[in-house]
Amino acid sequence: MTAAAAPARGWVRHAPLLFVLLWSTGFIGAKLGLPHAPPLGFLATRYAFVVALMAVAALWVRAPWPQGARAWGHLAVAGLLVHAVYLGGVFTGISQGLPAGVSSLVVGLQPLLTAVGAGWVLGEAVRPKQWLGLVLGLVGVVLVLSSRLAGAGLDLQTLGHLVHLPGLPAALVALLGITAGTLYQKRYCPSFDFRTGAVAQFLPCLLVTGALAWATEDRAIDWSSGAFVFALGWLVLVLSLGAVGLLNVLIRSGSAVNVASLFYMVPPCTAVVAWALFGEALSPVAMVGMAIAMTGVYLARK
């Protein structure tokens, strides 16, 4: 191993923790930005800034572009699923009144769904210890979100009422999008330059989401709102460039199940951030759930 390779490998080793920390702050953008912009218009604007910034960066350093229509096509499909479908579903569901805790619970099923698909799509073997970890992770997430579920009029005995909540179909679409996108990218396009790859992934998201926003939304973005401008900047720089870049590194370097299991740590980390920044309550049950989720992720990644 060369001297340069050792630090690079060490950096990748810490990528899961950094990814979880950054991805968990996505609720900040939704919480601050959605009151001042329609969901699809908000996302289309976010994608436009990402494409512009990464195109300039790619041209500045003369980064290699994807070679051939097939490479562009695979990146476009993966980008549409991971970003446009997933984020579009989450933002639309929340804007339609779906409680954030319920949305987190629905998309929290992704690791289990990915484990089922990993064997079929990728030929990855999921060991019994990993299945145990995935189940424990889900239990931990439910406990962490229990107070938010109660605030939405639900508890662990009445989760069947979820089917009546507005915005649930959008959350289910988001769940399918992030699951299918992770598996698709792992199989067809795991490696690419993060600058040109971002352009290839976010440009189709901009086109599709922008067209849907133009056709279905009539509320304008309130550019005079400082909260919206901050939220947009946060989602572009911290989420779309930082967290998504780390996600691409993780998909390239690890198994689909290992990557998906990290999403179990997002609700616990989000709860801690919400407690620290907004003073939201952090109950003993939630803290027990965090410990269980961490145990589950540890087992799922072994």
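Structure first, text after, so check above.
Report on the accompanying structure. Sequence order as written defines the numbering, with residues in each chain counted from 1. Residue-level local features of this predicted model are given only where pLDDT is at least 70; pairs of side-chain atoms are given and counted only at 80 or more, and the full residue set underlies all totals for whole chains, interfaces and linings. With hydrogens and water set aside, each side-chain value is computed from the structure's full complement of heavy atoms.

Summing up its helical and strand segments, the protein chain has 15 helices and 0 strands in all. Both definitions apply: the radius of gyration is a C-alpha atom measure, and the globule rule equals 2.2 Å times residues to the power 0.38. On C-alpha atoms alone, the protein chain measures out to a radius of gyration of 19 Å, which is about the 19 Å that the 2.2 N^0.38 rule sets for 302 residues. Taking the principal axes of the C-alpha coordinates as reference, the protein chain spans close to 55 × 50 × 35 Å. Here the protein chain holds 302 residues, and the buried ones make up 51% of them. Considering only residue pairs separated by 6 or more positions, the protein chain has 88% of its internal contacts joining residues 24 or more positions apart. Computed with the Shrake-Rupley method and a 1.4 Å probe, the accessible areas treat only the protein chains shown as cover for residues. Roughly 13800 Å² of accessible area belongs to the protein chain as shown, and the carbon and sulfur atoms make up 71% of that amount. Counting 16 positive and 7 negative side-chain charges, the protein chain places the centres of these two groups 19 Å from one another. Going along the chain from the N terminus, every DSSP run of H or I of four or more residues is numbered as a helix, and every run of E of two or more is numbered as a strand. Summary of the burial criterion: residues with accessible area below 20% of their type's maximum are buried, those above 50% are exposed, and those between are partly exposed, where the area comes from a 1.4 Å probe applied to protein chains only. Any two residues whose heavy atoms approach within 4.5 Å are treated as being in contact. The sign given to each residue is positive for Lys and Arg and negative for Asp and Glu; His and the chain ends receive no count. Charge positions come from single atoms, namely NZ of Lys, CZ of Arg, CG of Asp or CD of Glu.

Turning our attention to helix α3 (residues 26-33). With 6 of its 8 residues buried, α3 lies for the most part within the structure. Buried within α3 are the following residues: Gly 26, Phe 27, Ile 28, Gly 29, Ala 30 and Gly 33. Taken together, the buried residues of α3 touch α2 (15-23), α4 (39-61), α5 (68-95), α12 (226-253) and α14 (266-278).

In this analysis, axes come from line fits to C-alpha atoms, helices being fitted only over the stretch in contact, and the angle between any two N-to-C directions falls in the range 0 to 180 degrees. At a minimum axis distance of 9 Å, the contact between α2 and α12 shows a crossing angle of 150°. Viewed along their axes, α2 and α12 form a crossing whose handedness is left-handed. Taking contact as the criterion, the partners of Ala 15, Pro 16, Leu 18, Phe 19, Leu 22 and Trp 23 in α2 are, on α12, Val 238, Leu 239, Gly 242, Ala 243, Val 244, Leu 246, Leu 247 and Leu 250. By definition, any crossing whose near helix is turned counterclockwise from its far helix by less than a right angle is left-handed, and any crossing with a clockwise turn is right-handed.

Only protein atoms enter the 1 Å grid used here, on which a cavity is any set of points holding a 1.4 Å probe that cannot leave and a pocket is any open set flanked by protein within 12 Å on both sides along at least five of seven lines; residues with an atom within 4 Å of a point are listed as lining. Grid points are joined across faces, edges and corners, and a volume is the space filled by probe spheres set on the points. By volume, the largest pocket amounts to about 860 Å³. Contributing to the lining of the largest pocket are 41 residues, with Gly 26, Phe 27, Ala 100, Ser 104 and Thr 270 lying nearest its centre. Broken down by secondary-structure element, the contributors of at least two residues to the lining of the largest pocket are α3, α5, α6 (100-107), α9 (146-151), α12 and α14. With 7 residues, α5 is the largest single contributor of residues to the lining of the largest pocket. Nonpolar residues are Ala, Val, Leu, Ile, Met, Phe, Trp, Tyr, Cys and Pro. Charged residues are Asp, Glu, Lys and Arg, and all others, Gly as well, are polar. Among the residues forming the lining of the largest pocket, the class breakdown is 27 nonpolar, 10 polar and 4 charged. Considering only enclosed or pocket space, the second largest pocket measures out at about 280 Å³ in volume. Forming the boundary of the second largest pocket are 13 residues, of which Leu 17, Val 20, Leu 262, Met 265 and Val 297 lie nearest the centre. Of all the elements, α2 adds the most residues to the lining of the second largest pocket, at 4 residues. A breakdown of the residues in the lining of the second largest pocket according to their chemical character gives 11 nonpolar, no polar and 2 charged.

Moving on, we get to the nonpolar core. Core analysis: the biggest nonpolar cluster contains 62 residues, and Phe 19, Trp 23, Phe 42, Tyr 86, Phe 91, Phe 202 and Leu 247 have the highest contact counts within it. Counting residues per element, this core draws most heavily on α12, which supplies 13 residues. Not counting residues within four places of it along the chain, the set of residues in contact with Phe 202 comprises Tyr 47, Val 50, Val 51, His 83, Ser 240 and Val 244. Of all hydrophobic cores here, the second largest spans 7 residues; its members include Val 102, Leu 168, Ala 171 and Leu 175. What makes a nonpolar core is a set of buried Ala, Val, Leu, Ile, Met, Phe, Trp, Tyr and Cys residues whose side-chain atoms join them at distances within 4.5 Å.

What follows deals with the packing of aromatic side chains. Any pair of aromatic rings gets described here by the distance separating the centres and the angle formed by the planes. By convention, a stacked pair of Phe, Tyr or Trp rings (six-membered ring in the case of Trp) has centres within 6.5 Å and planes under 30 degrees apart, an edge-to-face pair has planes over 60 apart, and any other such pair is tilted. Applying the stated rule across the entire model yields 11 aromatic pairs. Relative to Tyr 188, the ring of Tyr 184 lies with its centre 4.6 Å away and its plane at 40°, an arrangement referred to as tilted. Here the residue Tyr 184 and the residue Tyr 188 both occupy positions in helix α10 (residues 168-188), the gap between them amounting to 4 residues, near one helical turn. Looking at Tyr 188, the relative accessible area reads 39%, which means it is partly exposed. For the ring pair Trp 223 and Phe 228, a centre distance of 5.2 Å and an interplane angle of 90° mean the geometry is edge-to-face. One aromatic cluster in this structure is built from Phe 19, Trp 23, Tyr 86 and Phe 263.

None of the figures reported here should be taken as evidence of function without further support.
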